[in-house]
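Residues per chain are reported as follows:
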Amino acid sequence: REKKNVVPISVKCRIGIELEDGEVFDAMDHLVGFIGKLRDRGCRKFVIHARKCVIGGLSPAQNRIVPPLNYPRVYELCRSFPDCEFVLNAGIPGLASARVLCRGKD
């Protein structure tokens, strides 16, 4: 029997989204469901941008600074999926801040 090559995958996403029509997917249950589906398919590494994305109202540059950071939501993902690796992305101004965030504090 031939061995299959398994290529590890990772996903980069935001913690939520606000669509142009006003529909909002910014609840923890949506995020847990999304990550859970990806995990069930074999993904174990997630790069999480700790802000929601606002479509049709903010420019890409504004989306990187205007929506508030929500580090506690990323910490909750870490607790909900202990077998996965989460990389925190967004709003980390330097090494001192990174050290604090690594301890689960913001």
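Since the structure is predicted, the reported quantities are computational estimates derived from the model, not experimental observations. (Residues numbered from 1 in each chain as written. Predicted model: local features only at pLDDT ≥ 70, side-chain atom pairs only at ≥ 80, totals over all residues. Heavy atoms only, no water.)

Draft legend 1. The sheet that holds strand β3 (residues 45-54), seen in detail. With mixed pairing, four strands are arranged side by side in an open sheet as β2-β1-β3-β4. Each edge of the open sheet carries a strand with a single partner, namely β2 (24-25) and β4 (85-89). (Pairing = 2+ DSSP bridges. Helix = DSSP H or I, 4+ residues; strand = E, 2+ residues; numbered from the N terminus.)

Draft legend 2. Up close: the nonpolar core. Within the largest apolar cluster, 17 residues are counted, with the highest numbers of intra-cluster contacts made by I35, F46, I48, L77, F81 and F86. Elements supplying a minimum of two residues to this core: β1 (10-18), α1 (28-40), β3 and α3 (71-80). Tallying contributions element by element places α3 first for this core, with four residues. With sequence-adjacent residues up to four places away left out, I35 is seen in contact with C13, F46, I48, L77, F81 and F86. (Core = buried A, V, L, I, M, F, W, Y, C linked by side-chain atoms within 4.5 Å. Buried < 20%, exposed > 50% of the residue type's maximum accessible area, 1.4 Å probe, protein only. Contact = heavy atoms within 4.5 Å.)

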